[in-house]
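Working through the structure, step by step
Chain residues, written in single-letter form:
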Amino acid sequence: MTREARDEARDVYHPSRLIPHVTSSALDALLAFFLLNLALQPLVEPDFGWHLRTGLDLLQNGWRMPATDPYSHTMPDWPWVDHAWLTDGLLGLLYQRLGTVGPLAVIGLFATVTLGAFWIMAGTVQASRTGKLLALSGSLWVALPFLGARTQLITLLGLALLLRWIGLYHKDQWSHLWAVPLLFLLWANLHGGFTAGLFVLGLVFAVSVVMRVAMDRRLPFTDRLDEPVLSWQQIAHLGLVLLLAVCATFLNPYGWRLYGEIIASLNDTFMIQTLDEWHPVSLEKQAGLTYVVYLVALGLAMLAGYRRLEPVRCTILLVFLVLSLRHWRNVLFFLLLSAPLWAELLDGAWGKLCVRFQLSLAWQKRCWFALTVAAALWVGSLGAEHLQHVVQSGLSPQEYFRQTEYPIEAVAWIKEHRTQLGQRMYNDYGYGGFLLWWLPGEKIFIDGRMPAFRIGDRWIFKDYMALANGNLPDVTVLDKYQVDWAIVSVGTPLSQTLARQPDWREVYLDSKVAIFVR
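No experiment lies behind these values; they were computed from the predicted model shown. (Residues numbered from 1 in each chain as written. Predicted model: local features only at pLDDT ≥ 70, side-chain atom pairs only at ≥ 80, totals over all residues. Heavy atoms only, no water.)

Some words on the packing of helix 7 (residues 152-170) against helix 8 (residues 180-190)
Where helix 7 meets helix 8, the closest approach of the two axes is 11 Å, and the angle between their N-to-C directions is 170 degrees. Of the possible angle classes, the one that applies to helix 7 and helix 8 is roughly antiparallel. Contacts between helix 7 and helix 8 involve Ile 154, Thr 155, Gly 158, Leu 159, Leu 161, Leu 162 and Trp 165 from the former and Val 180, Leu 183, Phe 184, Trp 187 and Leu 190 from the latter. Grouping the amino acids of the contact of helix 7 with helix 8 by side-chain chemistry returns ten nonpolar, two polar and no charged. (Axes fitted to C-alpha atoms, helices over the stretch in contact; angles between N-to-C directions. Helix = DSSP H or I, 4+ residues; strand = E, 2+ residues; numbered from the N terminus. Parallel < 35°, antiparallel > 145°, perpendicular 65-115°, else oblique. Contact = heavy atoms within 4.5 Å. Nonpolar A, V, L, I, M, F, W, Y, C, P; charged D, E, K, R; others polar.)

Focus on the environment of Ala 117
With respect to the helices and strands, Ala 117 occurs in helix 5 (residues 102-122). Ala 117 sits 362 residues away from Asp 479 along the chain, and the two C-alpha atoms are 47 Å apart. For Ala 117, the residues in contact, after removing those within four places along its chain, are Leu 156, Leu 157, Ala 160 and Leu 336.

Overview of the pairing of strand 5 (residues 505-509)
Regular strands place side chains that alternate from one sheet face to the opposite one. By the bridge criterion, four bridges tie strand 5 to strand 6 (residues 513-517) in an arrangement that is antiparallel. Residue pairing for strand 6: Tyr 508 is matched across the bridge by Ile 515. What sits between the antiparallel neighbours strand 5 and strand 6 is a turn of three residues. (Pairing = 2+ DSSP bridges.)

Focus on a nonpolar patch on the surface
On the surface, Leu 98, Val 101, Val 391 and Leu 395 cluster together into a nonpolar patch covering about 300 Å² of accessible area. For Val 101, the position within the fold is in the loop between helix 4 (85-97) and helix 5. By relative accessible area, which is 39% here, Val 101 ends up partly exposed. (Patch = residues over 30% accessible without salt bridge, like charges linked within 9 Å, V, L, I, M, F, W, Y side chains within 5 Å. Areas by Shrake-Rupley, 256 points an atom, 1.4 Å probe, with all protein chains shown as cover. Salt bridge = Lys/Arg side-chain N within 4 Å of Asp/Glu carboxyl O. Buried < 20%, exposed > 50% of the residue type's maximum accessible area, 1.4 Å probe, protein only.)

Let's talk about the side chain of Arg 53
Tracing the chain through its elements places Arg 53 in helix 3 (residues 48-60). Those residues within four positions of Arg 53 in sequence are excluded, and the remaining contacts are Tyr 71, Leu 436, Trp 437 and Pro 440.

If you want it as structure tokens, here you go:
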């Protein structure tokens with residue numbers, strides 16, 4: 001039997017297609033509301049503050065880029081490369097031009113990008129709308145710790161578009177493929193994660209070459225493939241598009257230096273060993289346990305209902321599964337890539353269930369009604385507290401931050417007593433972006449941009465860890481960078497050490513932070 005005949009037979013006799021499907025618009029609406037509830041998140045991402053400050057300053061300076069770091073007093077001579085400069089500018093534009101609703105618009109933007117990425121990815125497979133929404137609900141629920149105002153979500157959207165267009169190319173729809181270089185031109189200016197897109201495109205190209213060679217040699221497994229194998233002409237087109245995409249990424253304000261910044265970060269062993277997002281997935285965290293349960297459930301579902309031979313798809317999934325287990329920051333990628341598979345598996349499972357129990361259309365309607373009622377009760381049990389927090393974060397961020405660990409109260413005190421403080425501040429790593437947002441013009445000690453910054457003996461992240469991590473803070477670091485005032489989390493070894501130093505004086509204290517002056 002030819003592959004085309006086998007595909008037709010599979011489509012006709014697949015259990016999910018043996019009897020008519022009944023859908024529930026009410027259930028779909030509830031699932032869509034649940035997805036919106038997941039995607040809308042308050043502005044508490046630590047790095048959001050410096051992205052917003054960069055965008056606001058870009059607008060103020062007529063979109064002119066600074067030559068060196070304008071935000072820290074510790075590394076002011078570091079060559080400036082912002083791998084998300086265009087995204088930052090768009091964030092600043094929304095935040096500034098829309099006034100009091102600007103922060104809420106920013107929240108809406110990130111929610112739209114998140115939902116758009118997952119929905120486009122779900123569109124890469126043929127599955128019912130309800131199956132897709134159920135799959136996305138599960139994937140986004142597991143992804144919840146990684147959502148919010150994170151520029152990495154731009155890369156999710158780019159990846160979804162890329163795979164969608166590659167899928168269409170496999171179906172002989174050529175026009176979308178030539179939009180890929182334009183996608184990378186935009187992507188390289190929106191977020192540095194465009195390199196993940198180049199990696200996926202290169203992976204598809206390599207597997208396609210292998211499959212074409214296997215097909216030409218008539219290897220035994222090739223007559224059982226369930227995805228199209230590209231011709232040599234199509235592979236040549238794909239290779240040309242890959243080359244054009246790489247060239248397009250150099251059309252950015254920094255040219256080749258953008259790659260240098262990304263490569264330096266990826267090769268920074270100390271940063272990778274220190275930052276949580278670069279650590280392997282761990283069962284010690286609830287997020288890790290939830291993700292492992294997700295993977296086990298996916299594995300069992302595949303054993304029960306996945307009987308397809310799809311080399312390109314499986315290679316991408318397997319590679320990103322390994323990457324996600326190695327580094328927390330890659331978990332979101334695998335959740336995105338596996339969502340369409342879940343949609344197919346759920347549709348197939350429902351079809352088999354209907355066949356097994358010979359469910360009539362009337363019984364299917366009863367089942368969907370029961371599921372809708374259960375979903376309504378569940379969504380109702382979640383309450384409105386989360387959405388209230390989101391709205392408050394967007395409309396009254398200062399009031400909202402009083403409920404968080406961020407030192408908004410201390411910020412208000414600093415503004416009123418600025419003349420009592422020094423000129424060179426120390427701040428905890430997690431506060432850097434927040435302080436840039438709320439204290440414009442202040443030079444910070446460190447923030448999320450700086451783990452790979454190193455010039456001579458100034459390795460700021462390593463110096464920071466020597467100062468802030470451990471029971472015996474190395475306070476000589478403060479002398480090295482001529483720090484004369486500090487905002488420090490209460491109860492930390494550094495806070496306790498400064499309180500004992502004769503040349504440091506505590507001038508402010510609340511339940512979150514203490515402020516010391518030399």
